[in-house]
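If you want the building blocks of each chain, they are given just below.
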Amino acid sequence: MEGSSGEAPLLSIDLRRCLLKPVTRERTVRLSDMKEFFTDPDAVERTLSRRDPKIYEYREFTPKEEPGHLSVGITVVYPGKVGREYYMTRGHFHLKDAAEYYYCIAGRGILLLQSKSGEVAYVELRPRKIAYVPPGWGHRAVNVGRRRLAFLYVYPSDSGHDYGVIREKGFAKIVVEERGRPKLVDNPRYST
Ligand code: PAN
Ligand code: ZN
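Residues numbered from 1 in each chain as written. Chains lettered and ligands numbered in written order. Predicted model: local features only at pLDDT ≥ 70, side-chain atom pairs only at ≥ 80, totals over all residues. Heavy atoms only, no water.

Q: Explain the overall build of the protein chain here, please?
A: Of the regular secondary structure elements, the protein chain holds 2 helices and 17 strands. Taking 16 Å as the expected radius of gyration for a compact globule of 192 residues, we find that the protein chain reaches 17 Å, a close match to that expectation. Across its three principal directions, the C-alpha atoms of the protein chain cover 55 × 35 × 30 Å. Buried positions account for 43% of the 192 residues belonging to the protein chain. (Helix = DSSP H or I, 4+ residues; strand = E, 2+ residues; numbered from the N terminus. Rg over C-alpha atoms; globule rule 2.2 N^0.38 Å. Buried < 20%, exposed > 50% of the residue type's maximum accessible area, 1.4 Å probe, protein only.)

Right under this line is the structure:
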């Protein structure tokens, strides 16, 4: 007896290449797809006038978009910066107050967290650490290392993703490089 049958899928994961099989959704996000999420519009335009870099990609498996199921996926955030700001995911709130786990596979990152009332927190992402996103907290992964940041995530399949608030206002804090090191600073474009 091998593999899986019917309603109980068995997934394969290639940790080195950050691949998952099977996949029900995958996406590559380039700078042009998330221009408004970085805080320095001049740096965005300068970069885009030369090239449109891949910022991150993810591959995900959702058994069914129904209450009770769990989705699992792998996100890879590439190393790099737009101006002083490190490459990162757009970040979102779940529409339902659903929690999520991020298991770091490779690289160095910061998981930025923000509650709906504006409280801010962060967690370091390092290989073999598991970060927890509590229900109701917005979350964004930032790659502060020189290599790819890769993490596996698990969340309830019917959570829904809301990017609107973050597209408009961003997070209260951003992660920038200062004297060669990552630093959490106030987002100049954030307003309450
Ligand atoms: C993750 C993220 C993934 C991409 O799967 O969706 O890392 O980030 P954005 O969705 O913010 O672009 C997750 O948190 N899912 O709920
Ligand atoms: Zn999420």
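Q: How do you make sense of a nonpolar patch on the surface when you look at a structure like this?
A: Residues Y101, I130 and Y132 make up a contiguous nonpolar surface patch of about 340 Å² in total accessible area. Following the sequence through the fold, I130 ends up in strand β12 (residues 130-133). Its relative accessible area of 57% is what places I130 among the exposed residues. (Patch = residues over 30% accessible without salt bridge, like charges linked within 9 Å, V, L, I, M, F, W, Y side chains within 5 Å. Areas by Shrake-Rupley, 256 points an atom, 1.4 Å probe, with all protein chains shown as cover. Salt bridge = Lys/Arg side-chain N within 4 Å of Asp/Glu carboxyl O.)

Q: Looking at this structure, I do not really get the sheet that holds strand β9 (residues 100-106). What am I missing?
A: Adjacent strands of a sheet form backbone hydrogen bonds with each other and so pair up, either parallel or antiparallel. The sheet built from 6 strands is open, its strands ordered β3-β4-β5-β14-β9-β12 with antiparallel pairing. Strands at the two margins of the open sheet, each flanked by one partner only, are β3 (25-30) and β12. On average, each strand axis in the sheet is inclined to that of its neighbour by 20 degrees, with strand direction left out of account. Relative to strand β14 (residues 149-156), strand β5 (residues 70-77) is paired through 8 bridges, and the arrangement is antiparallel. Considered in β14, the bridge of V77 is made with L149. (Pairing = 2+ DSSP bridges. Axes fitted to C-alpha atoms, helices over the stretch in contact; angles between N-to-C directions.)

Q: So what exactly am I meant to see when it comes to the site of ligand 1 here?
A: Around ligand 1, the structure places 16 residues, and the nearest of them are Y56, E100, Y102, H161 and Y163. Here Y163 contributes a side-chain N or O atom positioned 2.5 Å from an oxygen atom of ligand 1. For ligand 1, whose unbound accessible area comes to 390 Å², protein coverage reaches 99%. For the shell around ligand 1, the secondary-structure elements that each account for two or more residues are β4 (54-61), β9 and β14. Take the shell around ligand 1: its biggest share by element is 3 residues, from β14. Here the residues of the shell around ligand 1 sort into 7 nonpolar, 7 polar and 2 charged. (Near = heavy atom within 4 Å. Polar contact = N/O pair within 3.5 Å; in protein donor to acceptor, adjacent residues only side chain to side chain. Nonpolar A, V, L, I, M, F, W, Y, C, P; charged D, E, K, R; others polar.)

Q: Just checking my understanding: could you explain the coordination of the zinc ion (ligand 2) for this structure?
A: A four-donor tetrahedral metal ideally has 109.5 degree angles, and a six-donor octahedral metal ideally has angles of 90 or 180 degrees. Around the zinc ion (ligand 2), the donor atoms from the protein are H92 (NE2), H94 (NE2), E100 (OE) and H139 (NE2), and they sit 2.1 to 2.2 Å away. Because the angles between the 6 donor atoms bound to the zinc ion (ligand 2) fall within 77 to 174 degrees, the donor set is best described as octahedral. All donors of the zinc ion (ligand 2) belong to a single chain; written as a sequence motif, their spacing is H-x1-H-x5-E-x38-H. This pair shows no difference in class: H92 is buried, exactly as H94 is. (Donors = N, O, S within 2.8 Å, 3.2 Å for Na, K, Ca; no water. Tetrahedral: all angles 85-135°; square planar, octahedral: opposite > 155°, others 65-115°.)

Q: I'm lost on the environment of F38 in this one. Help?
A: Structurally, F38 can be placed in the loop between β3 and α1 (41-50). Along the chain, F38 and Y87 lie 49 residues apart, while their C-alpha atoms are 8.8 Å from each other. Not counting the four nearest positions on each side in its chain, F38 is found in contact with L31, V44, I55, V82, E85, Y86, Y87, M88 and R189. (Contact = heavy atoms within 4.5 Å.)

Q: Help me understand empty space enclosed by the protein in this model?
A: To find the voids left in a structure, one rolls a probe of water-molecule size over its atoms. Counted under the stated rule, the structure contains 2 cavities of 30 Å³ or more. Empty space within the largest cavity amounts to approximately 200 Å³. Along the wall of the largest cavity there are 17 residues; nearest its centre are Y58, T75, H92, Y102 and Y163. Only β4, β9 and β14 provide two or more residues apiece to the lining of the largest cavity. (1 Å grid on protein atoms, 1.4 Å probe; cavity = no way out; pocket = protein on both sides within 12 Å on 5 of 7 lines; lining within 4 Å. Points joined across faces, edges and corners; volume = space filled by probe spheres on them.)

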